[in-house]
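Here are the chains, one letter per residue:
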Amino acid sequence: MRTSKTFSIQFWMDRKKAKQGEGIIYARINVDQRRLSISLKRKLEMTQWDSKTQKHQGTSKKAKEFNRYLDLSKSKLFMCYQELRDNGEELTSKAIKNLFLNEGPSGHTLKKLLDYHSKKIENTHAIGSIRNFKVTEGYIIRFLKKKKLLDISLSSLNFEFLCDFESFLNAYYPKGHPKAMSHNTVTKHVQRFRKIVTLAYNLEWIKDDPFRRWKSTFDKVDREFLSDSELLKLTSHNFETDRLDRVRDLFIFSSYTGISYVDIKNLTKKNVWIGDDEGNKWISTFRQKTNNKIKIPLLFRAEQILKKYESHPVTEISGTLLPSITNEKANLYLKEIAAEVGIEKNLTFHMARHTFATTVALSNGMPIETVSKILGHTKITTTQIYARVMDHKIKSDMDAVQKRLNEKARKFEEESELKHLREKIVEAEKTKYSNLTKEQLIAKLNEVLDEKSEKN
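Keep in mind it's a predicted model, so treat the numbers as computed, not measured.

**Brief notes about the pattern of salt bridges**
Proximity of charged atoms lets side chains of opposite charge pair with each other. The final tally for this structure, using the stated rule, is 9 salt bridges. Lysine 308 is the partner of aspartate 249 in a salt bridge, and the nearest nitrogen-oxygen pair spans 2.7 Å. Taken as a pair, aspartate 249 in helix α8 (residues 242–255) and lysine 308 in helix α10 (residues 300–308) lie far apart in primary sequence, 59 residues in all. A relative accessible area of 6% places aspartate 249 in the buried class. Note that aspartate 263 is salt-bridged to arginine 287, the shortest N-O span being 3.5 Å. Note that aspartate 263 is positioned in helix α9 (residues 261–265) and arginine 287 in the loop between β7 (281–286) and β8 (293–297), a separation of 24 residues in sequence.

Here it is in structure tokens:
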């Protein structure tokens, strides 16, 4: 397999764009038969340029200085080539040009950008978001290693690099996973990478945004939630194991408040207060993810769980409202809980927020704006992901439609029946007067008219 690179440097004058008899001198670099020209920003009279020697003609002081500049430029270009090769970086004509113009590894590189971004978000993002960015950064480093690169200049980032990175993610099998990443997982990593590159663009570390033509969409995923019957089954089940009982209580509390797992862990007695609404209890806290303030009146089920752990030894030691456990263990125990209770869904703690939004709130008539406020979402479009139409709601709405259709059908039948009766009466009247003479019909008509005038 051929790994060496051919490299050459030539100087030439652009005579086509010459002005007032002067042409611009360019350095042409060629790597593996891929060439690229760099303007040296030096002009020279066309008659003074020797295209064979690629130098200024003559031995004048001006000619010597000009040729010395060409020699220095050639040496610098060769040093750029050696630096890229020795550092194991991408060795292309463009990479050499970028380094020559102080736009490459001596300036800003992808790894330097990742380091800068990591430091920037240390005190501005939630722990979970920082961890997610770290995972994405890890995949970017793995991708560079696959391309046998230690680093890459930011100006070398292009649409092709993004396509290759996406293909790498689609084919990558994460350790401990039975299959490759899903489309949405890949899209999320590319989305995070886009945010990092956008930072470089806003910092003016790169001139062009390689993502400007990039389009990516998420596949629609129906997130699971517990139905009324499943939620009741989970609430009423008697667990003999304390750890399962505690995790069940945490899940139920989240299902009736919409509070996320990480925010439940941080709740203390200071977060509970008595409202002006007839002394009902409320919880007020800030979401760790968005720092948005949320205020939630406690429903009966949630308040009962707080009372259960009000003087519990675990909460007295921790100082929290509810028992504390890692998210990983909670999700692990939820699998045991689902098996014991008889719930066939893949029970995860985040499902509790979906259960609150769908089964507890929206299905019972709560407006989506209120649900969004309780969940602490910054955009109502985020809440719409949680919005589901329950089967019993569909049945109820269809019953209402059927009722209206039945009323319309009954009214139509009544009108049809009346019309038929009228037609029968008219037909019967025709038969009744069919044998009368002209004089008798006139007499009958006068009789009817007299009766009508008397009524009026």
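**Concerning the packing of helix α5 (residues 159–171) against helix α6 (residues 183–202)**
Two elements in contact, α5 and α6, have axes whose closest approach is 10 Å; the angle formed by their N-to-C orientations is 145°. Every pair of crossing elements has a handedness; the one defined by α5 and α6 is right-handed. Contacts between α5 and α6 involve Phe161, Leu162, Phe165, Glu166, Leu169 and Asn170 from the first element and Val186, His189, Val190 and Phe193 from the second.

**Some remarks on the environment of glycine 23**
Looking at the element boundaries, glycine 23 is found in strand β2 (residues 22–31). By relative accessible area, glycine 23 is classed as buried at 0%. Setting aside residues up to four positions removed in sequence, glycine 23 forms contacts with Met13, Asp14, Ala18, Arg42, Lys43, Leu44 and Met46.

**A word on the pairing of strand β1 (residues 7–19)**
Where a strand is regular, its side chains alternate between the two sheet faces. In this structure, β1 lies alongside β2, joined through 9 bridges in antiparallel fashion. Paired with phenylalanine 7 across the two strands is valine 31, which belongs to β2. Here β1 folds back onto β2, and the loop between the two strands holds 2 residues, one of which, glutamine 20, carries a positive phi near 55°.

**Concerning unusual backbone geometry**
A positive phi is found at glutamine 20, a non-glycine position, where the angle reads about 55°. Note that glutamine 20 resides in the loop between β1 and β2. For glutamine 54, which is not glycine, the phi torsion reads 60° and is therefore positive. Position of glutamine 54 relative to the elements: it lies in the loop between β4 (49–50) and β5 (55–56).

**Topic: helix α13 (residues 351–361)**
With 11 of its 11 residues buried, α13 lies for the most part within the structure. The complete set of buried residues in α13 reads Met351, Ala352, Arg353, His354, Thr355, Phe356, Ala357, Thr358, Thr359, Val360 and Ala361. Buried-residue contacts for α13 involve α7 (228–236), α8 and α14 (368–375).

**A closer look at a positive patch on the surface**
Together, Lys188, Lys195, Lys289 and Lys379 make up a positively charged patch on the protein surface. By secondary structure assignment, the location of lysine 195 is in helix α6.

**A look at the sheet that holds strand β3 (residues 34–45)**
Spatially, the 3 strands line up as an open sheet ordered β1-β2-β3, and their pairing is antiparallel. Looking along the sheet, the strands with just one partner apiece sit at the ends: β1 and β3. Neighbouring strand axes in the sheet, compared pairwise and without regard to direction, differ in orientation by 25° on average. Sheet topology note: the β2/β3 ladder contains 10 bridges and is antiparallel. Its bridge partner lying in β3, isoleucine 24 is registered against lysine 43. Its contacts with the sheet put helix α1 (residues 61–86) on β1, β2 and β3, and the angle it makes with β1 is roughly 130°. Each of β1, β2 and β3 is contacted by helix α2 (residues 93–100), which is oriented at about 40° to β3, the strand it contacts most.

**Focus on the sheet that holds β8**
The antiparallel open sheet is built from 3 strands, whose spatial order is β6-β7-β8. If you trace the sheet from one side to the other, it starts and ends with β6 (272–274) and β8, each paired once. In this sheet, neighbouring strand axes are inclined to one another by 30° on average, regardless of whether the strands run parallel or antiparallel.

**Considerations on the side chain of threonine 109**
Assignment of secondary structure puts threonine 109 in the loop between α2 and α3 (110–120). At a separation of 3.3 Å, a polar atom in the side chain of threonine 109 contacts the main-chain amide nitrogen of lysine 112.

Conventions and cut-offs
Residues numbered from 1 in each chain as written. Predicted model: local features only at pLDDT ≥ 70, side-chain atom pairs only at ≥ 80, totals over all residues. Heavy atoms only, no water. Salt bridge = Lys/Arg side-chain N within 4 Å of Asp/Glu carboxyl O. Helix = DSSP H or I, 4+ residues; strand = E, 2+ residues; numbered from the N terminus. Buried < 20%, exposed > 50% of the residue type's maximum accessible area, 1.4 Å probe, protein only. Axes fitted to C-alpha atoms, helices over the stretch in contact; angles between N-to-C directions. Left-handed = near helix turned anticlockwise from the far one by under 90°. Contact = heavy atoms within 4.5 Å. Pairing = 2+ DSSP bridges. Patch = residues over 30% accessible without salt bridge, like charges linked within 9 Å, V, L, I, M, F, W, Y side chains within 5 Å. Areas by Shrake-Rupley, 256 points an atom, 1.4 Å probe, with all protein chains shown as cover. Lys, Arg positive; Asp, Glu negative; His and termini not counted. Charge placed at Lys NZ, Arg CZ, Asp CG, Glu CD. Polar contact = N/O pair within 3.5 Å; in protein donor to acceptor, adjacent residues only side chain to side chain.

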